[in-house]
Amino acid sequence: MKRIIMAAALAALGAGCFTVHQSAYPEVTMSRAPEGREIAVQLAGFEATVVSYLPVYGYETVWREHAYRDRHGRFRDGGLYPATYSTTTYIPQAHLTPAFIERAQDALENAGFAVGLTNAAYRVEVRFTGPAVTDGDRTAEFLWLVCSLLSGDYSAQTWSARLRITEAATGRLLLHRDYSQKYAAAVWGPVPIFSPAAAGATDAGVMQTWALSALTDRAMADATRFLADR
């Protein structure tokens, strides 16, 4: 019986966590630069802070009680003995990532625009803000946890971005757009607490990367459309 229970537990752990719902990625189309014309663009902004975890390895010594049976079968106190274990501590580190300005550069260059030149005619700037979590999202998260008996989880974040395209020579504002992008995901797993905790779809870093990537693509779609018509 014990083997059956253990096998069932291992099978449940191996089943992992399932994504029940996840926001659909927005569909965008990049406009190509006109043939025979070089439109030079300078990028600015796209700054985002991400958190990574640095593992620090060490050792810890603890004292444990030693009990044993004597030849008559009675337990005896054998005193204390030291036991040494390896430990791993994860230290969070926040740093700026160039991932989104590189994504924007790739989008512009693939569409035929020249990026990073000193004689750029236009300056394309995007600023991110967020995340914002509404009361409705907090309520949904609470209900998911309670109704699933701690086997499910729901998370949502809303990020915003502001696009500004200016004339590099004069600084005159040519285009201004504001964007809002929400990411939401719901997960469920067979093991309460542990399955939702291991889910990638509701991880804060995953949600941030998804939302800022979507905002970057949406802003670059509008930017290429505008610059192609200049």
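Look above for the structure.
Presented here is a report on the structure given in the accompanying data block. Please read all numbers here as calculations on a predicted model, not as lab measurements. (Residues numbered from 1 in each chain as written. Predicted model: local features only at pLDDT ≥ 70, side-chain atom pairs only at ≥ 80, totals over all residues. Heavy atoms only, no water.)

On to the pattern of salt bridges. Scanning the model with the defined rule gives eight salt bridges in all. The shortest N-O distance in the salt bridge between K182 and D137 comes to 3.1 Å. Here D137 lies in helix α3 (residues 135–147) and K182 lies in strand β8 (residues 173–188), a separation of 45 residues in the sequence. Exposure remark for K182: the relative accessible area of 38% places this residue in the partly exposed category. Between D178 and R162 there is a salt bridge, with the nearest N and O atoms lying 2.8 Å from each other. In this pair, D178 sits in strand β8 while R162 sits in strand β7 (residues 152–167), placing the two residues 16 residues apart along the sequence. (Salt bridge = Lys/Arg side-chain N within 4 Å of Asp/Glu carboxyl O. Helix = DSSP H or I, 4+ residues; strand = E, 2+ residues; numbered from the N terminus. Buried < 20%, exposed > 50% of the residue type's maximum accessible area, 1.4 Å probe, protein only.)

Let's shift gears to the layout of surface pockets. One simple way to see leftover space: roll a probe sized like a water molecule over the atoms. Taken as a whole, the largest pocket holds about 200 Å³ of empty space. Lining the largest pocket are 12 residues, with V51, D203, A204, G205 and Q208 sitting closest to its centre. When contributions to the lining of the largest pocket are tallied by element, the ones reaching two or more residues are β3 (48–69), β7 and α5 (204–228). Residues of the lining of the largest pocket, tallied by class, amount to six nonpolar, five polar and one charged. (1 Å grid on protein atoms, 1.4 Å probe; cavity = no way out; pocket = protein on both sides within 12 Å on 5 of 7 lines; lining within 4 Å. Points joined across faces, edges and corners; volume = space filled by probe spheres on them. Nonpolar A, V, L, I, M, F, W, Y, C, P; charged D, E, K, R; others polar.)

What follows concerns the pairing of strand β2 (residues 40–45). Taken across its six residues, β2 has five buried, putting it largely inside the fold. By the bridge criterion, two bridges tie β2 to strand β5 (residues 114–115) in an arrangement that is parallel. Bridge assignment links A40 to a residue of β5, and that residue is A114. For β2 and strand β6 (residues 122–132), the ladder comprises five bridges, and the chain directions are parallel. Residue pairing for β6: V41 is matched across the bridge by Y122. (Pairing = 2+ DSSP bridges.)

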